[in-house]
Amino acid sequence: MAADFLQEERAPHSKKDKQVFHLYRRLFMLVFAIAVLWQSLLLVDMRLGQYYRSLEDSFKVILTVNQVKDNALLAQMGETLNQKQDIVAVRLFSPEDGLEEVRRQNPQLAESLLLMGRNKMPAYFELKLSPQTMGNIRPFVDNLAAEYEELTPHYNAQHAELIFYTGLCFRFLRLSMVFAILLFLVFMFLVEAHPVKEQKTHVYNGALSGGLAWLCSVILIGLLIYPTGFLNESLCIFTSLPRQVLGFVFSMLLGWTLSKWQKF
C-alpha cells in the first residue's frame, strides 16, 4: 500500500523532469501583445524619422538679388550670411547656374522660361537653415529681408511649420519609448531583486516563450504589409535588423522576468 502511494507521488515528478519545453500560454499572449505594440512603435518611429529628415533636407530659403551685382560683392554678402548662427549652409548661384539647376530639377519649366524670352535668371542665394529656426521662420526671414534690402526672400512657411511639428512629434515619440524601456527595466530589476522562497521551474521556457512571441509579432507585421505587394521594400523602409534583434532580446528577458514574477 505504501509502495503504491510512493509510486503515485513519483510519477508526476518523473514526467515533469522529462518535459523539455513548456509554453506559458498566458505569458506568451501577454508578451505577444506587448511585442505587437512595440513593432508598431518601431515602424512609426523609423518612418517618421525618415519623413522628418526628408522634409528637412528639401526645405530651403531662396534670396534673389534685385539688381546686378559683381561677383566680389556677392561673395562678400554670402560670407556674411554664412556667419549667422541659424544658417547652416549658403550657396550662391549665378544666372547661368540657376537656369541649369532649374533644368536639372524641372526641364519643362526651364524650356518654358527660355520660350518666354527669360534666358537670364537673377543670381540668388540658397540658404539651409538649422532645425531650431523652423518654429519662428517668419520673423527670421523678415529680419534677413530688413538687413539685406537688395535681396528678396522666397520660401514656403507651411513647409517650415510642418518640419517643426513633425520634428516635435518625432522627438516626443523617441522620449516616450526611452521612458517606457526604462520602466520595463526597472520592473525587471524589482522582480529579480525580490527574494523568492519556492523554486521556480521552466524559467528558461519563459524566455523561449517571450522570444517566440516576438517572432510571431514579426510574422503578423509581415502579413499586414504583404497586401501592399512590396513586402521586401516595405520591410526595409519600416524596420531594420538591429531593431528586430534588440526586440527579440527584450522579449526573451521580459518572458524570463514574468515567469519568475508569477506562475503563468
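Here the structure is a predicted model, which is why all the values come from computation and not from measurement. (Residues numbered from 1 in each chain as written. Predicted model: local features only at pLDDT ≥ 70, side-chain atom pairs only at ≥ 80, totals over all residues. Heavy atoms only, no water.)

Caption draft 1: Quick peek at the overall build of the protein. The helix and strand tally for the protein stands at ten helices and four strands. Going from N to C terminus, the protein has its helices and strands arranged as α-α-β-α-β-α-α-β-α-β-α-α-α-α. Burial analysis of the protein (264 residues in total) assigns 33% to the buried set. The long-range share in the protein, meaning contacts at least 24 apart out of those at least 6 apart in sequence, stands at 85%. Accessible surface computed for the protein: about 17500 Å², of which carbon and sulfur atoms make up 63%. (Helix = DSSP H or I, 4+ residues; strand = E, 2+ residues; numbered from the N terminus. Buried < 20%, exposed > 50% of the residue type's maximum accessible area, 1.4 Å probe, protein only. Contact = heavy atoms within 4.5 Å. Areas by Shrake-Rupley, 256 points an atom, 1.4 Å probe, with all protein chains shown as cover.)

Caption draft 2: The arrangement of the sheet that holds strand 4 (residues 151-154) in detail. Strands sit in the order 2-3-1-4 across an open sheet of four strands; the sheet is antiparallel. Since the sheet does not close on itself, it has two edges, and those belong to strand 2 (87-93) and strand 4, each with one partner. Taking each pair of neighbouring strands and ignoring which way they run, the sheet shows an average axis angle of 25 degrees. Two strands pair when backbone bridges link them, and strand 1 (residues 61-65) and strand 3 (residues 124-129) are joined in this way by four bridges, in the antiparallel orientation. Each bridged residue has a counterpart across the sheet, and for V61 the counterpart in strand 3 is L127. Across the sheet, helix 3 (residues 71-82) is in contact with strand 1, strand 2, strand 3 and strand 4; its angle to strand 2 comes to roughly 165 degrees. (Pairing = 2+ DSSP bridges. Axes fitted to C-alpha atoms, helices over the stretch in contact; angles between N-to-C directions.)

Caption draft 3: The pattern of salt bridges, seen in detail. Applying the stated rule across the entire model yields six salt bridges. D45 is the salt-bridge partner of R174, the closest N and O atoms lying 2.6 Å from each other. With a gap of 129 residues between them, R174 in helix 7 (residues 157-193) and D45 in helix 2 (residues 25-58) connect regions that are remote in the sequence. Judged by relative accessible area, D45 falls into the buried class, the value being 2%. Overlapping salt bridges bring together D45, R174 and R243 as one network. (Salt bridge = Lys/Arg side-chain N within 4 Å of Asp/Glu carboxyl O.)

Caption draft 4: Broad picture of helix 3. Given a rise of 1.5 Å per residue, twelve residues ought to cover 16 Å, and the 16 Å separating the end C-alpha atoms of helix 3 matches this to within 8%. Residues of helix 3 that are buried: L74, M77, G78 and L81. The buried residues of helix 3 occupy one face: seen down the axis, they fall within an arc of 100 degrees. What points out from helix 3, more than 90 degrees from its buried face, is the exposed set A72 and E79. (Expected span 1.5 Å × (residues − 1). Arc of directions from axis to C-beta.)

Caption draft 5: Representation of the side chain of S130 within the structure. Mapped onto the elements of the fold, S130 is located in the loop between strand 3 and helix 6 (137-147). Overall, the relative accessible area of 8% leaves S130 in the buried class. Filtering out sequence-adjacent residues up to four positions away, S130 remains in contact with D86 and V88.

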